[in-house]
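Single-letter residue listing:
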Amino acid sequence: MTLQEALTYFLQVDRSDTTNDSYGHVLKRFVEAVGPQRPIELIRPEDIDAYIRTMRNRRDTFSSHPTRPTIQRPLAPATIYKNVKMMKVFFNWCEQRGYIDQAPTRLIVNRRPNQPLGQGKAATDEEVELLLAASRFKPRDRAIVLLLVHSGCRAGELAKLRIPDLDLQANTAIVNGKSEKRRRIYFNEETSRAIEKWLTKRPKADHDYVFLGVYHRKPMTSPAVSQMIRRLCEEAEIRTLGPHSLRHRVGLKFARARVAPRVTQHYLGHTSLLITLGYYQDVDETDLFEAGELL
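Only a predicted model underlies this, so the values are computations on that prediction, with no experimental measurement involved.

Definitions and limits used
Residues numbered from 1 in each chain as written. Predicted model: local features only at pLDDT ≥ 70, side-chain atom pairs only at ≥ 80, totals over all residues. Heavy atoms only, no water. Axes fitted to C-alpha atoms, helices over the stretch in contact; angles between N-to-C directions. Helix = DSSP H or I, 4+ residues; strand = E, 2+ residues; numbered from the N terminus. Parallel < 35°, antiparallel > 145°, perpendicular 65-115°, else oblique. Left-handed = near helix turned anticlockwise from the far one by under 90°. Contact = heavy atoms within 4.5 Å. Pairing = 2+ DSSP bridges. Buried < 20%, exposed > 50% of the residue type's maximum accessible area, 1.4 Å probe, protein only. Lys, Arg positive; Asp, Glu negative; His and termini not counted. Salt bridge = Lys/Arg side-chain N within 4 Å of Asp/Glu carboxyl O. Polar contact = N/O pair within 3.5 Å; in protein donor to acceptor, adjacent residues only side chain to side chain.

Asker: Looking at this structure, I do not really get the packing of helix H10 (residues 243–256) against helix H11 (residues 261–268). What am I missing?
Answerer: Two quantities define a packed helix pair, namely the angle between the axes and the distance from one axis to the other. Packing of H10 against H11 brings their axes to within 10 Å, and their N-to-C directions diverge by 160°. One finds that H10 runs roughly antiparallel with respect to H11. Judged by the sense of rotation from one axis to the other, the crossing of H10 with H11 is right-handed. On H11, the residues that touch Arg247, Val250, Gly251 and Phe254 of H10 are Thr264, Tyr267 and Leu268.

Asker: Please explain the sheet that holds strand E1 (residues 166–167) as it appears in this structure.
Answerer: Strand pairing within a sheet occurs via backbone hydrogen bonds; the two strands may be parallel or antiparallel. Read across the sheet, three strands follow the order E1-E2-E3 without closing on themselves; strand pairing throughout is antiparallel. Because the sheet does not close on itself, it has two edges, and the strands there are E1 and strand E3 (182–186).

Asker: Please explain the side chain of Arg15 as it appears in this structure.
Answerer: Residue position: Arg15 is located in the loop between helix H1 (3–10) and helix H2 (17–34). Buried charge Arg15 goes without a salt bridge, the closest partner of opposite sign being Asp14 at 8.7 Å. A polar atom in the side chain of Arg15 sits 2.8 Å from the backbone oxygen of Phe10. Beyond its immediate sequence surroundings of up to four residues, Arg15 is in contact with Phe10, Asn20 and Tyr23.

Asker: Help me understand the pairing of strand E2 (residues 172–176) in this model?
Answerer: Counting buried residues in E2 gives five out of five residues, a clear majority hidden from the surface. Along E2, one buried face is formed by Thr172, Ile174 and Asn176 and the opposite face, lined by Ala173 and Val175, is buried too. Relative to E2, E1 is paired through two bridges, and the arrangement is antiparallel. Bridge pairing in E2 links Asp167 to Thr172. Hairpin connection of E1 to E2: four residues between the antiparallel strands, including Asn171 at a positive phi of 60°.

Asker: Just to check I follow, could you spell out the environment of Arg59 for this structure?
Answerer: Position of Arg59 among the secondary structure elements: in the loop between helix H3 (45–57) and helix H4 (77–97). The sequence separation of Arg59 and Gly213 amounts to 154 residues, and the corresponding C-alpha distance is 34 Å. Sequence-distant contacts of Arg59, that is, excluding residues within four places in its chain, are made with Ile71, Gln72, Arg73 and Pro74.

Function-wise, these values are silent; they only describe arrangement.
What follows is the structure, given as structure tokens:
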């Protein structure tokens, strides 16, 4: 079996479209570099090491991105970590399927890069205020920002949200989460009013998705939501954020308010409590001082 054939089978596994798109974007580049027609059993750890060195030596970012322009800067350590993590998942899957005897990534050490204190992913209160200010004359964008900020839902969940699944009287909605699992999200009255206002402006369309393109009237996609947030960041003149930065903020707010991690887990729809603890509690020096005052 060739490396390309193995990747084709891997991308046919029943996952969410967003997850498979992420795997495809990363792994297709790897397969092209190593050799699509190489027998998968001949891939060696040295091939993986060489590709990782290539990533570390790159001096351009977003060169193959469908919408973002190429930027002349090295790949971020977090990007390299994510790529290696996906390669390990792929080869472990190939081993489990019996395509190879042993994953060539088995001994590759992939350490998560440390974030400096106060430089986590979570959007700050000031950044959220500036995003809302930039969207104040855009009913759709404002409703999206508020929904992300207060529900902590994923971009893919927001994009798939349908009008019948809204309960604006109760400030809740039902979304399709990862692996198409249905779950309830919660928000506040301000968000409900913003969604209600958008629905009065929403162009007529032959579908019942809440959010759609203003011009093409097709349902929004997860990348379209991310692109909209980046555009608002440019207008607000703040660092580039994504929908996940707003989701991180929800977890961080709960952590600082001493909300039980199990509650945060269910609010954000995590399958594992470890994800909640590992990804959603950014720390800065203020947290450390406050912790010290408890002693």
